[in-house]
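Fold and geometry: a report
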Amino acid sequence: MGYVRDDGKTMVAQPHLNLDPKKMGPWNHLRRMAEVQSPNVLLNAMTAEERAAFQADYNRQGPAGRPAPAAS
C-alpha cells in the first residue's frame, strides 16, 4: 500500500524531517501501538445522545486538543 520504504524496514511517513537512515522509524515500532480504531465505526456505534456529548466535548477541547481560549 506504499506505507513502507524500498528498504522494507522504515515507514514512508516519519515523525521528523531528519532522513538519516539511522534515525528513521521502522515499521515494527507500530506493533507496540494499540489498535487504531476507525472514528466512523466508533461514531456509528454511539447513540444520538452519546454523539452529541462527544461532539460537545470535542468542540470544548479547542484546536488540536488544546483548551479553547475563555470567552470574553
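As shown above, the structure is provided for reference.
As a starting point, this report considers the structure included with it. (Residues numbered from 1 in each chain as written. Predicted model: local features only at pLDDT ≥ 70, side-chain atom pairs only at ≥ 80, totals over all residues. Heavy atoms only, no water.)

**Some details on the overall build of the chain**
Under the convention used in this document: In DSSP terms, a helix is any run of H or I states spanning at least four residues, a strand is any run of E spanning at least two, and both are numbered starting from the N terminus. Only heavy atoms enter the contact rule, under which two residues are in contact if any of them lie within 4.5 Å. The method behind every accessible area is Shrake-Rupley, applied with a 1.4 Å probe, and residues are considered shielded solely by the protein chains displayed.
What the chain contains, in helices and strands, is two helices and zero strands. Residue pairs in contact within the chain that sit at least 24 positions apart in sequence constitute 0% of those at least 6 positions apart. Working note: accessible area of the chain is about 6,600 Å², and carbon and sulfur atoms make up 58% of it.

**Side note on a nonpolar patch on the surface**
Stated precisely, the cut-off is as follows: Any residue with relative accessible area above 30% and no salt bridge may belong to a patch, with like charges joined within 9 Å and the nonpolar Val, Leu, Ile, Met, Phe, Trp and Tyr side chains within 5 Å. Whenever a carboxyl oxygen of Asp or Glu lies within 4 Å of a side-chain nitrogen of Lys or Arg, that contact is scored as a salt bridge.
Taken together, Tyr 3, Val 4, Trp 27, Leu 30, Met 33 and Val 36 make up a surface patch of nonpolar side chains, about 590 Å² in accessible area. For Trp 27, the position within the fold is in the segment before helix 1 (39-45).

**Focus on the pattern of salt bridges**
Note the following rule: When accessible area is computed with a 1.4 Å probe and restricted to protein chains, residues below 20% of their type maximum are described as buried, those above 50% as exposed, and intermediate ones as partly exposed.
Scanning the model with the defined rule gives one salt bridge in all. Across the salt bridge formed by Asp 57 and Arg 60, the nearest N and O atoms sit 3.6 Å from each other. Remark: Arg 60 and Asp 57 occur in helix 2 (residues 48-61); sequence separation between them is three residues, near one turn of the helix. Residue Asp 57 is classed as partly exposed on the basis of its relative accessible area of 33%.

**A look at helix 2**
Put simply, the test is: A helix's residues, less one, multiplied by 1.5 Å, set its expected span.
Counted at 1.5 Å a residue, the expected span for helix 2 with its 14 residues is 20 Å, and the 20 Å between its end C-alpha atoms agrees. Phi turns positive, to about 80°, at Gly 62, one or two residues after helix 2.

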